[in-house]
Amino acid sequence: MGMLIKGGEIVTAESRMRGDIFIEDETISAIGTGLAIPPGTEVIDATGKLIFPGFIDPHVHIHLPFMATFAKDTHAAASKAALVGGTTTFIEMCCPSRKDDALEGYHVWKQKAEGNSACDYAFHMAVTRYDAQTEAQLKEIVRDGTTSFKIFLSYKNFFGVDDEEMFQTLKLAAKLGVITTAHCENAELVGQLQQQLLAEGKTGAEWHEPSRPEAVEAEGTTRFATFVEQTGATGYVVHLSCAPALRAAVEAKVRGVNLHIESVLPHFLLDKNYAERAGVEGMKNIMSPPLRDKRNLPVLWNALKTGLIETVGTDHCPFDKEQKLLGAKAFTQIPNGIPGIEDRVNLMYTYGVKRGGLDIHRFVDALSTRAARLFGLYPRKGTIAVGSDADLVVYDTKYRGTISAATQLGINDYNGFEGFAIEGRPSVVTVRGKVQARDGVFVGEQGLGRMIRREPQV
Ligand code: URP
Ligand code: ZN
Ligand code: ZN
């Protein structure tokens, strides 16, 4: 039985038209106006609504052993939260620690997701150590369809790689045609500054940002870009948070380095005042790179509008209040991370498109199409075209609401964007032609999601 989504305003990264979309066998089989309705067709009336390609979150943590605990999430819960918010595919960071075997870790992550996700997904494979086994293991992982790597320049002795390991990883990535994503902060400086601040009795959450100042991120970004340049690799800076790091990345781009830039939801909407709140309220807002001085926010928005910042992820990484309190005596022990998978689309639509002058096509590009192109999902994902997966978001621009932990689907006990107004919400969300969410409610099939295997792309 087919499905017809009728009479909506179809908005992609490139175009806008009123029309109908016909879906058969999980894919889009026709786009046009006044399409015939064969008997037995399920019809969804999209009159007065926008239709976007399913959104893609390129930076998500679900299973994550980190900072003496585990991120508080499951693939079942995170995928349902993603879907009600319009995200139909996420790319999870597969992050075994430096002590773990990479291939074993990869299988652990895959097993956690398999059969449990309600939306489609892929992985970035973190390289947290480079030894004699690494090349063979990474080749096997790439053959399995995981064709993007992740390195951390920070989190020394846990996820972090040194410069030699970064060089080896990038060289191999260039050889395999795989893009390498990177968390860019200077690990040594962070460690030294943390010790210095603690020794001065500066233990509260408000000292997290001073322990990882903007210059520390700019240095990491410059160094990553230099290594990308010297190895002929393709790089992708994750969660870029501030003007000096942006300048460093853009400086590399203009000299021809194959470097791409992602920023994430918290850095567009929250500033360091949130992390300076007393007690656990401040701890809830600890992530790395940290929330920054508010003068950075318009810089990031402008860079997004002009396309210098190419993608917007969430860096979804929930820890509950009890976990955050692990850092009650020292900010260095506060688990780093802020959840956001449920709210990225609505918040970026509201504060970008509706209120901030962000072009609607750039919005679609940054939250879906560009990630699909960079990470080998396009044109299966990231657009509305005949032959593409029928991952669609019928979007109700008339909806008005307020974000709250009390009404969220996510299982964490707080929401990083509590109290933010939203002007728009998905009305119907399909994954490969199956309705998975309606008006904020998950109505679909748990476990429908599949791992999307990708080809090398660069
Ligand atoms: O604070 C953050 N960003 N937590 C998740 C791990 C990472 O660095 O992406
Ligand atoms: Zn990171
Ligand atoms: Zn992350």
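These numbers come from a predicted model, not from an experiment.

**Quick notes on the sheet that holds strand S11 (residues 148-152)**
Phase 1: Read across the sheet, eight strands follow the order S6-S9-S10-S11-S12-S13-S14-S15 without closing on themselves; strand pairing throughout is parallel. Each of the sheet's edge strands pairs with one partner strand only, and the pair in question is strand S6 (55-60) and strand S15 (311-313). When strand polarity is set aside, the average angle formed by the axes of neighbouring strands in this sheet is 30°.
Phase 2: For strand S9 (residues 87-94) and strand S10 (residues 120-126), the ladder comprises six bridges, and the chain directions are parallel. Bridging across to S10, Thr-89 finds its partner in Asp-120.
Phase 3: The strands touched by helix H14 (residues 344-354) are S6, S9 and S15; relative to S6, the strand with the most contacts, the crossing angle is about 110°.
Phase 4: Strands S6, strand S12 (179-183), strand S13 (235-237), strand S14 (259-264) and S15 of the sheet are contacted by helix H15 (residues 360-374), whose axis makes an angle of about 70° with S6.

**Observations regarding the coordination of the zinc ion (ligand 3)**
Phase 1: Each protein donor to the zinc ion (ligand 3) is listed here as His-59 (NE2), His-61 (NE2) and Asp-315 (OD); together their distances run 2.0 to 2.1 Å.
Phase 2: Bound by four donor atoms, the zinc ion (ligand 3) shows angles of 88 to 138° at the metal and therefore irregular coordination geometry.
Phase 3: In primary-sequence terms, the residues that donate to the zinc ion (ligand 3) follow H-x1-H-x253-D.
Phase 4: Between the zinc ion (ligand 3) and the zinc ion (ligand 2), the interatomic distance is 3.8 Å.
Phase 5: Relative accessible area serves as the criterion here: at 0%, His-59 is assigned to the buried category.
Phase 6: For His-61, a relative accessible area of 6% gives the class buried.

**Focus on the pattern of salt bridges**
Phase 1: Enumeration according to the criterion identifies 35 salt bridges in this entry.
Phase 2: Between Lys-156 and Glu-188 there is a salt bridge, with the nearest N and O atoms lying 2.8 Å from each other. Of this pair, Lys-156 sits in the loop between S11 and helix H4 (163-176) while Glu-188 sits in helix H5 (residues 187-199), placing them 32 residues apart in sequence.
Phase 3: The partly exposed category is assigned to Glu-188, whose relative accessible area is 40%.
Phase 4: Ionic pairing is found between Asp-293 and Arg-295, a salt bridge with its closest N-O pair at 4.0 Å.
Phase 5: Look at Arg-295 and you get partly exposed, because its relative accessible area is 47%.

**Quick look at the coordination of the zinc ion (ligand 2)**
Phase 1: Protein coordination at the zinc ion (ligand 2) comes from His-183 (ND1) and His-239 (NE2), with a distance range of 2.0 to 2.1 Å.
Phase 2: Taken together, the four donor atoms coordinating the zinc ion (ligand 2) span angles of 57 to 152° at the metal, a pattern that classifies the geometry as irregular.
Phase 3: In this structure His-183 comes out as buried when scored by relative accessible area, which is 1%.

**What about the packing of H4 against helix H7 (residues 214-231)?**
Phase 1: Relative orientation of the contacting elements H4 and H7 amounts to 45°, with a least axis distance of 9 Å. Taken as axis vectors, H4 and H7 run oblique relative to one another. For the pair H4 and H7, the sense of crossing is right-handed. Each of Asp-163, Met-166, Phe-167, Leu-170, Lys-171 and Ala-174 in H4 lies in contact with H7, whose residues at this interface are Arg-223, Phe-224, Phe-227, Val-228 and Thr-231.

Reading the values: rules and limits
Residues numbered from 1 in each chain as written. Chains lettered and ligands numbered in written order. Predicted model: local features only at pLDDT ≥ 70, side-chain atom pairs only at ≥ 80, totals over all residues. Heavy atoms only, no water. Pairing = 2+ DSSP bridges. Helix = DSSP H or I, 4+ residues; strand = E, 2+ residues; numbered from the N terminus. Axes fitted to C-alpha atoms, helices over the stretch in contact; angles between N-to-C directions. Contact = heavy atoms within 4.5 Å. Donors = N, O, S within 2.8 Å, 3.2 Å for Na, K, Ca; no water. Tetrahedral: all angles 85-135°; square planar, octahedral: opposite > 155°, others 65-115°. Buried < 20%, exposed > 50% of the residue type's maximum accessible area, 1.4 Å probe, protein only. Salt bridge = Lys/Arg side-chain N within 4 Å of Asp/Glu carboxyl O. Parallel < 35°, antiparallel > 145°, perpendicular 65-115°, else oblique. Left-handed = near helix turned anticlockwise from the far one by under 90°.

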